[in-house]
Amino acid sequence: QGVVTGNLELPLLTKENSSVDVLLNCTPNRNSHGMVIGVIAIGQDITERKRAELEKSRIAQELQTFIDTANAPIFGIGL
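Residues numbered from 1 in each chain as written. Predicted model: local features only at pLDDT ≥ 70, side-chain atom pairs only at ≥ 80, totals over all residues. Heavy atoms only, no water.

Two strands pair when backbone bridges link them, and strand S1 (residues 6-13) and strand S2 (residues 19-30) are joined in this way by eight bridges, in the antiparallel orientation. Bridge pairing in S2 places glycine 6 opposite cysteine 26. The antiparallel hairpin formed by S1 and S2 contains five residues in its connecting segment, where asparagine 17 sits at a positive phi of about 70°. Taking the residues that link successive antiparallel strands as the turn, the S2-strand S3 (residues 36-45) hairpin has five residues, and the phi of glycine 34 there is positive, at about 85°. (Pairing = 2+ DSSP bridges. Helix = DSSP H or I, 4+ residues; strand = E, 2+ residues; numbered from the N terminus.)

Structural data, given as structure tokens:
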């Protein structure tokens, strides 16, 4: 009955005080009159995905800097 959903990415702290990135999918829980009486949420640990995204961005920036500062032509050949 909720229909509207929203995705939130947020960091959470564990009991051990380490940070975990979580993706929450939230849907309102409505009563028979259509009033919101709560929220149903499902969480997914996306810490590794976020780390991979950051590493990918870092490598892309490093390669772009290499290309921008190269003293010789750089060729790419597709096979």
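Spatially, the three strands line up as an open sheet ordered S1-S2-S3, and their pairing is antiparallel. Both edges of this open sheet fall to S1 and S3, since each of them pairs with a single strand only. Pairwise comparison of adjacent strand axes, ignoring direction, gives a mean angle of 35° for this sheet. The sheet contact formed by S2 and S3 spans nine bridges and is antiparallel. If you follow arginine 30 over to S3, its bridge partner there is valine 36. Of the strands in this sheet, S1, S2 and S3 are in contact with helix H1 (residues 47-69), which crosses S2 at around 125°. (Axes fitted to C-alpha atoms, helices over the stretch in contact; angles between N-to-C directions. Contact = heavy atoms within 4.5 Å.)

All right, on to the pattern of salt bridges then. Under the defined criterion, the tally for this structure stands at six salt bridges. We note a salt bridge from lysine 50 to glutamate 9, for which the minimum N-O separation is 2.9 Å. With lysine 50 in helix H1 and glutamate 9 in strand S1, this pair connects stretches of sequence that are 41 residues apart. Of the residues examined, lysine 50 reaches a relative accessible area of 25% and is grouped as partly exposed. Judged by relative accessible area, which is 43%, glutamate 9 ranks as partly exposed. The shortest N-O distance in the salt bridge between glutamate 53 and arginine 49 comes to 3.2 Å. Highlighted residues: glutamate 53 and arginine 49, both in helix H1, separated by four residues, approximately one helical turn. We classify glutamate 53 as partly exposed; its relative accessible area is 37%. In this structure arginine 49 comes out as partly exposed when scored by relative accessible area, which is 37%. A network of salt bridges, in which partner residues are shared, links Glu9, Arg49, Lys50 and Glu53. (Salt bridge = Lys/Arg side-chain N within 4 Å of Asp/Glu carboxyl O. Buried < 20%, exposed > 50% of the residue type's maximum accessible area, 1.4 Å probe, protein only.)

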